[in-house]
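Chains, contacts and geometry: an overview
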Amino acid sequence: DSEVRWARATPTTCVMFVHGFNGRAVATWGEFVDIAINDARYSRCDLVFAGYSSRNRTADFSAGVLYSLVEAFALDPKGVADRTGGASTRKAFHYDRIILVGHSLGGALVREVAMVGKRLRKPWAEKVRLVLFAPAHQGANIIELVQMGFGFLSWFKPAKAALVSMFPV
């Protein structure tokens, strides 16, 4: 359910929004979408609202998907626009800045994307900036949380396997 709001002028910045666990690509950000597309300060920003399967894929898998998305926008933004039916009348260009905005689990994912880009010495990684809202920087162990909340119950062992299979993230 990813969506893009293409800049009105040749963009200098790509702002990619990444929702958290059980979030939605656009809905997570509330009224910001409508405010930004009508605000002149965003006229040179491509706004990318990245959707991913937060409930039924591992965090590593989701980070890999997002890494590919960031790299595609970083290396060939005009090509992405052309292939997706976006602002295809643009001339070739590259972004001066790539801002990755992550909420909760999305914060951990965009951080991983930035770290991998840096580790691989990708030129686009030098343009990346992070904005994190309530990042899940250490994650949460749902099994331990349930055990703390209910105490160790004998019936919990089968439930543990069910939880892990339901939410592999």
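Computed from a predicted structure; not experimentally measured.

**Here's the deal with the packing of aromatic side chains**
- Per the stated rule, a full pass over the model turns up 8 aromatic pairs.
- Relative to F73, the ring of W6 has its centre 6.3 Å away and its plane inclined at 25°; by these criteria the two rings are stacked. You can see W6 sitting in the loop between β1 (3-5) and β2 (13-18) and its partner F73 sitting in helix α2 (residues 59-75), a full 67 residues away along the chain.
- The exposure class of W6 is partly exposed, given its relative accessible area of 24%.
- The exposure class assigned to F73 is buried, which follows from its relative accessible area of 4%.
- For the pair F17 and F49, a centre-to-centre distance of 4.8 Å together with 10° between the ring planes defines the contact as stacked. Of this pair, F17 sits in strand β2 while F49 is found in strand β3 (residues 45-50), placing the two residues 32 residues apart along the sequence.
- For F17, a relative accessible area of 6% translates into the label buried.
- Look at F49 and you get buried, because its relative accessible area is 0%.
- An aromatic cluster of three or more residues is present, and its members are F17, W29, F32, Y42, F49 and F133.

**So, the state of the cysteines**
- Taken as a whole and assessed by the stated rule, the structure comprises 0 disulfides.
- No disulfide involves C45; its nearest neighbouring cysteine sulfur is the one of C14, lying 8.9 Å away.
- By relative accessible area, which is 10% here, C45 ends up buried.

**Observations concerning the sheet that holds β3**
- Ordered in space as β1-β3-β2-β4-β5, the 5 strands form an open sheet in which the pairing is mixed. The open sheet has two free edges, formed respectively by β1 and β5 (128-133), since each of these has just one partner strand. Within this sheet the neighbouring strands show an average axis-to-axis angle of 15°, counted without direction.
- Sheet topology note: the β2/strand β4 (residues 97-103) ladder contains 6 bridges and is parallel. When the sheet's bridge partners are listed, T13 is paired in β4 with R97.
- Of the strands in this sheet, β1, β2, β3 and β4 touch α2, which is tilted by about 165° from β2.
- Sheet contacts for helix α4 (residues 105-119): β2, β4 and β5; angle to β4, the most-contacted strand, approximately 145°.

**What to know about α4**
- Across its 15 residues, α4 extends 21 Å between first and last C-alpha, which sits within 8% of the 21 Å expected from 1.5 Å per residue.
- Among all positions in α4, only L105, G106, G107, L109, V110, V113, A114, V116 and G117 are buried.
- At its buried positions, α4 is contacted by β2, α2, β4 and β5.

**Examining the pairing of β4**
- Among the 7 residues of β4, 5 are classified as buried, and the element is accordingly described as predominantly covered.
- Here β4 runs beside β5; their pairing, made up of 6 bridges, is parallel. Residue pairing across strands places G102 opposite L132, the latter belonging to β5.
- Taken together, β4, α4 and β5 form a β-α-β motif whose crossover is right-handed.

Criteria and cut-off values
Residues numbered from 1 in each chain as written. Predicted model: local features only at pLDDT ≥ 70, side-chain atom pairs only at ≥ 80, totals over all residues. Heavy atoms only, no water. Phe/Tyr/Trp six-rings, centres within 6.5 Å; stacked < 30°, edge-to-face > 60°. Helix = DSSP H or I, 4+ residues; strand = E, 2+ residues; numbered from the N terminus. Buried < 20%, exposed > 50% of the residue type's maximum accessible area, 1.4 Å probe, protein only. Disulfide = S-S within 2.5 Å. Pairing = 2+ DSSP bridges. Axes fitted to C-alpha atoms, helices over the stretch in contact; angles between N-to-C directions. Contact = heavy atoms within 4.5 Å. Expected span 1.5 Å × (residues − 1). Right-handed = clockwise from strand over helix to strand, strands pointing away.

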